[in-house]
Amino acid sequence: MDAVFAAFGRLGAAQEMGGRAMRILGIDPGYAIVGFGALDYTRNTFTTLQYGAITTKAHTTFEDRLSEIYDDMTQLLAAVKPDAMAIETLFYTTNQKTVIAVAEARGVLLLCAILVGGVITAYGGMLLVVLMWAVCMGGLCLLLHFTWQTVFPGQRVAQDKTFLRSWLAGSAVGVAVIAALVCYRQTVYSDDAINYFAKQTLLFGSFGQSGFYGIHVLLESLLTADYKMFMNLFISVPYLFTGRSINAFMVCYAITCFVPMWFALLMGAKYLAQQLPACHTALYYPLCMAVMVLWPMFLWPATHGMPDAFGLTFAAVIALLCADYRFETLPWPRLLAIFAATFALILTRRWYMFWILAFYAVYVLAVLVGAVLRKTLGSTLKHMLLFGVPSAVIIVGVLLPTFKTILTTDYADIYGAYYGGGFGNNCLGQLRTQGLIWLVLCAAGLVWLLYCRSTLAQAIVAAAASLGAMVLFTRTQSLGDHQSLILAPFYLLMLFGLCAKLTQQKAKPWLRIM
């Protein structure tokens, strides 16, 4: 150890620099090797001072090893004089004897720091939660950015100020409405309303206990459970800094899940507007945002502990990337984005798979019909198989436990008490839950989309996909308030079409204000 401490002769120089540096000593605990690293932090700059290890000889009794660690650690603290010490928490392993020995050595290290009056911070499993949140949110931002660049080539988000202002203002209103409804009501939550709050508590508890244990619980949830922790990963960091109440949980997912969902859906509105006669975007975008943030089908689950609408983010990405793609070539970045969005949508909620199956069935049929008309069926089918078969194999392979659960579970028996009949009764149920006026407005938008030749095919595909999803779902369950979200892409398409008609530039004079 003398040779190691000799290098710390340079440490005093750092304290003579202008401004007092904060000195931090990081420790990686062990009983054979204790890793350490020292650095100074001043004026937003980190300066590495030294790093190394405290080692104990093999074949030394464990008690002597602990004594040697204590002596060397005491010398290290005296030489470094840290303002704070960070020490890693333990991860569980299959070797219980090793865990106990490392824990005892860690206790000696903590004792040394306490005796010199240092500030100790333990880092471990929860840092993994923060890291996973950063990866998930970063991946989502990249997916949305790529979708924008693909669907609107040559346009930047920052350049479309009307779109950006409408999204930001609408999101602020939407989060405020959800927060106000959540905080105003006094509700006793149960069943589905408590599931994801309980999942968030389990996620934090398992990672707080151990990083390895947390990863085990997370993977088990993602691969096998009906209610997966996928959405919880996006909620984690904001929720980490709250009072951990269910109301705080709902406000957090309004920010981290609904705000990107509104962005993705507003991209869909922008794409639709480009296919229709020119409209006043300064009216069109705010009107579309108002439809989304005030829609009861979004607000009810959002204010009852269910962030299920987050899945529409990925549904919108899938629909946008498939809208003008006919498999004439194989643009792999686009195809990887479609694959990623599909995989993420499956992880969001099990019943979104009904929409996935119906949408891709209708989409593939439409593309093949178009290929026959263009006389390119051979190449189109080849490209479909080159992408579709490996994608299906990967998804089924990775999520095989999930699919086994789905295929072996009698959902008709489980949800029998909530089953309100087949397809016809569920259609009447939509009339009751959405309201006659709302459905009339949707029908008006659909008529306009079918009338415009540029949107005829998209309206037919969306209608057929929603119809297919509803038929598949209602064979075993009834569409509740949140399960009805599988119909949301079609509802919103119709309403966006109506908004485009109402804000058309050559419409009535009172709308011609720009």
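Notes on the structure in this doc start here. (Residues numbered from 1 in each chain as written. Predicted model: local features only at pLDDT ≥ 70, side-chain atom pairs only at ≥ 80, totals over all residues. Heavy atoms only, no water.)

## Overview of the overall build of the protein
So, step 1. The secondary structure content of the protein amounts to 22 helices and five strands.
So, step 2. In the protein, buried positions account for 48% of the 514 residues.
So, step 3. Of the roughly 24,500 Å² of accessible surface on the protein, a fraction of 68% belongs to carbon and sulfur atoms. (Helix = DSSP H or I, 4+ residues; strand = E, 2+ residues; numbered from the N terminus. Buried < 20%, exposed > 50% of the residue type's maximum accessible area, 1.4 Å probe, protein only. Areas by Shrake-Rupley, 256 points an atom, 1.4 Å probe, with all protein chains shown as cover.)

## So, empty space enclosed by the protein
So, step 1. In this structure the tally under the stated criterion is one cavity of 30 Å³ or more.
So, step 2. As a volume, the largest cavity reaches approximately 40 Å³.
So, step 3. Thr-224, Ala-225, Asp-226, Lys-228, Ile-346, Arg-350, Met-353, Thr-402, Thr-405 and Ile-406 are the residues that line the largest cavity.
So, step 4. The dominant element in the lining of the largest cavity, judged by the number of residues it contributes, is helix H17 (residues 400-408), at three residues. (1 Å grid on protein atoms, 1.4 Å probe; cavity = no way out; pocket = protein on both sides within 12 Å on 5 of 7 lines; lining within 4 Å. Points joined across faces, edges and corners; volume = space filled by probe spheres on them.)

## Quick look at the pattern of salt bridges
So, step 1. Enumeration over the complete set of coordinates arrives at five salt bridges.
So, step 2. Between Asp-40 and Arg-23 there is a salt bridge, and its shortest N-O distance comes to 2.8 Å. Remark: Arg-23 occurs in strand E1 (residues 22-28) and Asp-40 occurs in strand E2 (residues 33-42); sequence separation between them is 17 residues. Note on accessibility: Asp-40 and Arg-23 belong to one class, buried. (Salt bridge = Lys/Arg side-chain N within 4 Å of Asp/Glu carboxyl O.)

## Notes on the pairing of strand E3 (residues 45-55)
So, step 1. Inspection of the sheet shows E2 paired to E3 by 10 bridges, in the antiparallel sense. The residue bridging Leu-39 from the neighbouring strand is Thr-48, located in E3.
So, step 2. Counting the residues in the hairpin turn of E2 and E3 gives two residues, including Arg-43, whose phi is positive at 50 degrees. (Pairing = 2+ DSSP bridges.)

## Overview of the packing of aromatic side chains
So, step 1. Across all of its chains, the model carries 33 aromatic pairs by this definition.
So, step 2. Their ring planes at 50 degrees and their centres at 5.6 Å tell us that Tyr-284 and Tyr-285 sit as a pair that is tilted. Take Tyr-284 and Tyr-285: they sit in the same class, and that class is buried.
So, step 3. For the pair Phe-354 and Phe-473, a centre-to-centre distance of 5.3 Å together with 85 degrees between the ring planes defines the contact as edge-to-face. (Phe/Tyr/Trp six-rings, centres within 6.5 Å; stacked < 30°, edge-to-face > 60°.)

## Thoughts on the pairing of E2
Each regular strand displays side chains that alternate between the two surfaces of the sheet.
So, step 1. The sheet contact formed by E1 and E2 spans seven bridges and is antiparallel. The residue bridging Met-22 from the neighbouring strand is Tyr-41, located in E2.
So, step 2. Linking E1 back to E2 in an antiparallel pair, the connection comprises four residues.

## Observations regarding the nonpolar core
So, step 1. Core analysis: the largest hydrophobic core is formed by 132 residues, its most contacted members being Trp-262, Tyr-284 and Phe-298.
So, step 2. For Trp-262, the residues in contact, after removing those within four places along its chain, are Trp-167, Ser-171, Gly-174, Val-175, Ile-178, Met-289, Met-292, Val-293 and Phe-298.
So, step 3. Counting 20 residues, the second largest nonpolar core, distinct from the first, contains Val-34, Met-73, Val-80 and Cys-112. (Core = buried A, V, L, I, M, F, W, Y, C linked by side-chain atoms within 4.5 Å. Contact = heavy atoms within 4.5 Å.)

## Re unusual backbone geometry
So, step 1. Even without glycine at this site, His-59 takes up a positive phi of about 65 degrees.
So, step 2. Along the chain, the position of His-59 falls in the loop between E3 and helix H3 (62-80).

## A few points about helix H9 (residues 230-240)
So, step 1. Burial analysis of H9 places 10 of its 11 residues in the buried class, which makes it a mostly covered element.
So, step 2. Every buried residue of H9 is accounted for by Phe-230, Met-231, Asn-232, Leu-233, Phe-234, Ile-235, Ser-236, Val-237, Tyr-239 and Leu-240.

## Here's the deal with the environment of Asp-71
So, step 1. On the secondary structure map, Asp-71 appears in helix H3.
So, step 2. For Asp-71, a relative accessible area of 40% puts it in the partly exposed group.
So, step 3. Here the alpha-carbon distance between Asp-71 and Cys-112, two residues 41 residues apart in the chain, equals 8.9 Å.

## Thoughts on the state of the cysteines
So, step 1. According to the stated counting rule, one finds zero disulfides in the structure shown.
So, step 2. Just so you know, Cys-279 is unpaired, no disulfide at all, and the nearest cysteine sulfur is the one on Cys-288, 7.9 Å from it. (Disulfide = S-S within 2.5 Å.)

## Overview of helix H5 (residues 125-151)
Residues three or four positions apart in an α-helix share a direction because the helix packs 3.6 residues into each turn.
So, step 1. Along its 27 residues, H5 runs 39 Å from first to last C-alpha, staying within 8% of the 39 Å computed at 1.5 Å per residue.
So, step 2. Turning to H5, its buried residues number three or more, namely Gly-125, Val-129, Met-132, Cys-136, Met-137, Leu-140, Leu-143, Leu-144, Thr-147, Trp-148 and Val-151. (Expected span 1.5 Å × (residues − 1).)

## Topic: the packing of H5 against helix H13 (residues 311-323)
So, step 1. With their axes 10 Å apart at the nearest point, H5 and H13 run at an angle of 25 degrees to one another. The orientation of H5 with respect to H13, classified from their angle, is roughly parallel. For the crossing formed where H5 meets H13, the hand is left-handed. Here Leu-140, Leu-143, Leu-144, Phe-146, Thr-147, Thr-150 and Val-151 of H5 come into contact with H13, specifically with Thr-313, Phe-314, Val-317, Leu-320 and Leu-321. (Axes fitted to C-alpha atoms, helices over the stretch in contact; angles between N-to-C directions. Parallel < 35°, antiparallel > 145°, perpendicular 65-115°, else oblique. Left-handed = near helix turned anticlockwise from the far one by under 90°.)

## Brief notes about a nonpolar patch on the surface
So, step 1. Taken together, the side chains of Val-372, Leu-377, Leu-381, Leu-385, Val-389 and Val-393 define a hydrophobic patch exposed on the protein surface, amounting to about 510 Å² of accessible area.
So, step 2. Considering every element that reaches the nonpolar patch, the biggest residue donor is helix H16 (residues 377-398), with five residues.
So, step 3. Relative to the helices and strands, Val-393 resides in helix H16.
So, step 4. Given a relative accessible area of 55%, Val-393 falls into the exposed group. (Patch = residues over 30% accessible without salt bridge, like charges linked within 9 Å, V, L, I, M, F, W, Y side chains within 5 Å.)

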